[in-house]
Amino acid sequence: MMKKSFILLLVLFTAAYAQNKNFRFHLQGEQKTFNKINDENPSSNAINDILIVGDTIWLATSNGLSKSMDNGLSWTNYYNTNDFGTESVSALAYDTITHSIWASLAHSKDVSGSALPEGSGLRFSTNNGATWYTVPQPIDSLKDSLETYGYQGKNMLHALPVTVRVQNITYDIAITRNVIWIASFAGGLRKNRIDSLIATHGQAPWKRVVLPPDSKYSLNPADTNLSYTFCLSPVSGTYCSQDNYNYRVFSVASAENGVLYVGTADGINKTSDALKSPLSNDSTAWVKFNHQKNPDYAITGNFVVGLQFNEYDKTLWAVTWKATDNTEMNGVSFTRDGGATWQTTLRDHKAYNCAVNKNIIVFPTEDGAFRTTNLGDSWLVAGKITDSKTKVTLQSSVFYAAAFSTNGNQLWLGSSEGLAVQSGYAQAWTNDWKLYIASQKLSSGSDSHAFPNPFSPKTDICKIKYSTGGSSEQVTIRIFSFSMKYIRTVIQNAQRGNPIGVINTTATDGVNGVVDFWDGKDDSGNVVPNGVYFYRIDIGSKDPVFGKIMVLE
């Protein structure tokens, strides 16, 4: 009965945050079979997070984990392997002391007819992905209804036991010295010792972390004059009479000298005690910043879905969405004094993440990737991103992830439709892009396929993959109905493929794959009815290539 009630409560407070449905990452992508082998592309086009460690690029995608150790020339994909199965990966982190890589997993589960995210725990590796260990998603037992806090554990707080994995999903990971912190939405903020997890192969118990409730802006365990009586619960119910948005945790970031920032649905929490042992009886002191605390120097909104500390100038950047107050708005907030005052920028833009390289700040948003070099006084948005060799243009303007290479000479962007990397001058946008579009390999120079297939024009763009035979060619793609009635010209006499004399070194099967896009519309801009359609590809003077597409809304 408790489990059913708790799931219902989670459904209710998720409905209050409808934007969570597309929050930060995708649970479903192109469902294809990828093995743990070198491939020319990552395993999915929906990129949730990017982590670059030295020469290794790690991608969290809707089809599991991908990595490249040769700057994107080839990819190792862990989708459909014993360690990752068909799970999505929502967040990544790296520990420089143990040289371990950490990934959080999730999938979608049907609950009373609604598809809800369910946490699948973490995976970690201490040998760069050769061996992986499973960490179960932290859950409580029914008896975990009390939590101690304060001087010598003087305060016994009522707490809601999180006994299910539905919506107990890890959206972000941060690491301080020998401590791993996870932002697990309904599960709140939890921490563990990294050495204990490694020694037990992921089975060490996690500790629940007490944050300030919505009614308080600070907590101090050393204060002997205060007796805390609030309830540790994200929702009201059997255990608690009030909702606490500050216990719905979405993001976490470590800074210097044991400082940790935690983003929730009620603002940003800061502690300088992050280096304390995670399993000791000592409690952590916190201060909270939100939109209501200091309106003249406040964040744009209390729903904090991303945090990034910039070691170069000691600024903290936050993705701050509108929560419940009508005076809040979507935007970006940053502080140069540890949270005492905040400045805001990119107002009314819905960002998802942040990448920093000295004074260069990049935010992937719903309407493009934005770059600033002057603390947000001015922004440059990337235009349409076109592969400088194949001339294929990325159709999506929605970006979820960004990361600079270790030397700062490259910027990687993850979108809902593929991965892009920019090389060249880091201070500005350039035209030197390479695109990675996940798809099955072509079996020959005359092979082609469309994906997803069937596809819905309401939710996706149909991608048509074909080969130019290793050279630059003029290409025309037309769409026809089942009765071969003309519908649309996708491209006409467009230059595609590599320039003459340039070899595509990423095509391990020797076939140069090129991808173009059809949005499911006819020449008049109308979405076509459900049914079977054919495409015809004319490549230079070669024989035309044909294929079939099923449109199904």
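Description of the structure in this document. (Residues numbered from 1 in each chain as written. Predicted model: local features only at pLDDT ≥ 70, side-chain atom pairs only at ≥ 80, totals over all residues. Heavy atoms only, no water.)

**Some words on the nonpolar core**
Core analysis: the largest hydrophobic core is formed by 44 residues, its most contacted members being Val362, Leu413, Ile479, Trp518, Ile537 and Ile549. Beyond its immediate stretch of four places on either side in the chain, tryptophan 518 contacts Phe455, Ile461, Cys462, Ile479, Arg488, Val490, Val528, Tyr533, Ile549 and Val551. In terms of nonpolar packing, the next biggest core, distinct from the first, is built from 23 residues, Ala265, Trp317, Val332 and Cys354 among them. (Core = buried A, V, L, I, M, F, W, Y, C linked by side-chain atoms within 4.5 Å. Buried < 20%, exposed > 50% of the residue type's maximum accessible area, 1.4 Å probe, protein only. Contact = heavy atoms within 4.5 Å.)

**Topic: the sheet that holds strand β20 (residues 286–289)**
Spatially, five strands are ordered β16-β20-β19-β18-β17 in an open sheet, and the strand pairing comes out antiparallel. At either margin of the open sheet sits one strand with a lone partner, and together these are β16 (218–219) and β17 (249–254). Relative to strand β18 (residues 260–264), β17 is paired through five bridges, and the arrangement is antiparallel. Bridge assignment links valine 252 to a residue of β18, and that residue is valine 262. (Pairing = 2+ DSSP bridges. Helix = DSSP H or I, 4+ residues; strand = E, 2+ residues; numbered from the N terminus.)

**Side note on the pairing of β18**
Taking burial as the measure, the five residues of β18 include five buried ones, the bulk of the element. Here β18 shows a buried face lined by Leu260, Val262 and Thr264 and a second buried face lined by Tyr261 and Gly263. Between β17 and β18, which pair antiparallel and follow one another directly, the connecting turn spans five residues, one of which, asparagine 257, has a positive phi of 55°. Two strands pair when backbone bridges link them, and β18 and strand β19 (residues 267–271) are joined in this way by five bridges, in the antiparallel orientation. From the neighbouring strand, leucine 260 faces β19, where its bridge partner is threonine 271. Counting the residues that bridge the hairpin from β18 to β19 gives two residues.

**As for the environment of arginine 177**
The topology assignment puts arginine 177 in the loop between β12 (172–176) and β13 (179–183). Owing to a relative accessible area of 53%, arginine 177 belongs among the exposed residues under this scheme. Note: C-alpha distance between arginine 177 and glycine 258 (81 residues apart in sequence) is 8.0 Å. Look past the residues within four positions of arginine 177 in its chain and what remains in contact with it is Ile97 and Leu275.

**Section: the packing of aromatic side chains**
Each aromatic ring pair is described using two quantities: the centre-to-centre distance and the angle formed by the ring planes. Within the structure shown, the criterion is met by 27 aromatic pairs. Summarising the aromatic geometry, the rings of tryptophan 102 and phenylalanine 124 are spaced 4.6 Å apart at their centres and angled 25° between planes, so their arrangement reads as stacked. Of this pair, tryptophan 102 sits in strand β7 (residues 100–111) while phenylalanine 124 sits in strand β8 (residues 114–125), and the two are 22 residues apart along the sequence. Phenylalanine 124 matches tryptophan 102 in its accessibility class, with the two residues each being buried. With centroids separated by 6.0 Å and ring planes inclined at 25°, the aromatic side chains of phenylalanine 482 and phenylalanine 534 adopt a geometry described as stacked. Of this pair, phenylalanine 482 sits in the loop between β35 (473–481) and β36 (486–496) while phenylalanine 534 sits in strand β38 (residues 531–539), placing them 52 residues apart in sequence. These aromatic residues form a ring-pair network of at least three members: Tyr171, Phe185, Phe250, Phe303, Trp321, Tyr352 and Tyr400. (Phe/Tyr/Trp six-rings, centres within 6.5 Å; stacked < 30°, edge-to-face > 60°.)

**So, the side chain of threonine 345**
You can see threonine 345 is positioned in strand β24 (residues 343–345). On the basis of relative accessibility, which here comes to 8%, the residue threonine 345 falls in the buried class. Sequence-distant contacts of threonine 345, defined by excluding residues within four places in its chain, comprise Trp317, Gly331, Val332, Phe334, Gly376 and Trp379.

**Examining the pattern of salt bridges**
Under the defined criterion, the tally for this structure stands at 17 salt bridges. Linking arginine 208 and glutamate 147 is a salt bridge whose minimum nitrogen-to-oxygen distance equals 3.0 Å. One end of the pair, arginine 208, is in strand β15 (residues 207–208); the other, glutamate 147, is in strand β10 (residues 146–149), and 61 residues separate them in sequence. There is no split in this pair, since arginine 208 and glutamate 147 are both buried. The partner of glutamate 553 in a salt bridge is lysine 458, with the nearest N and O atoms 3.5 Å apart. Taken together, the positions of glutamate 553 in the segment after β39 (545–551) and lysine 458 in the loop between β33 (449–451) and β34 (462–467) put the pair 95 residues apart, joining distant regions of the chain. On the basis of relative accessibility, which here comes to 45%, the residue glutamate 553 falls in the partly exposed class. (Salt bridge = Lys/Arg side-chain N within 4 Å of Asp/Glu carboxyl O.)

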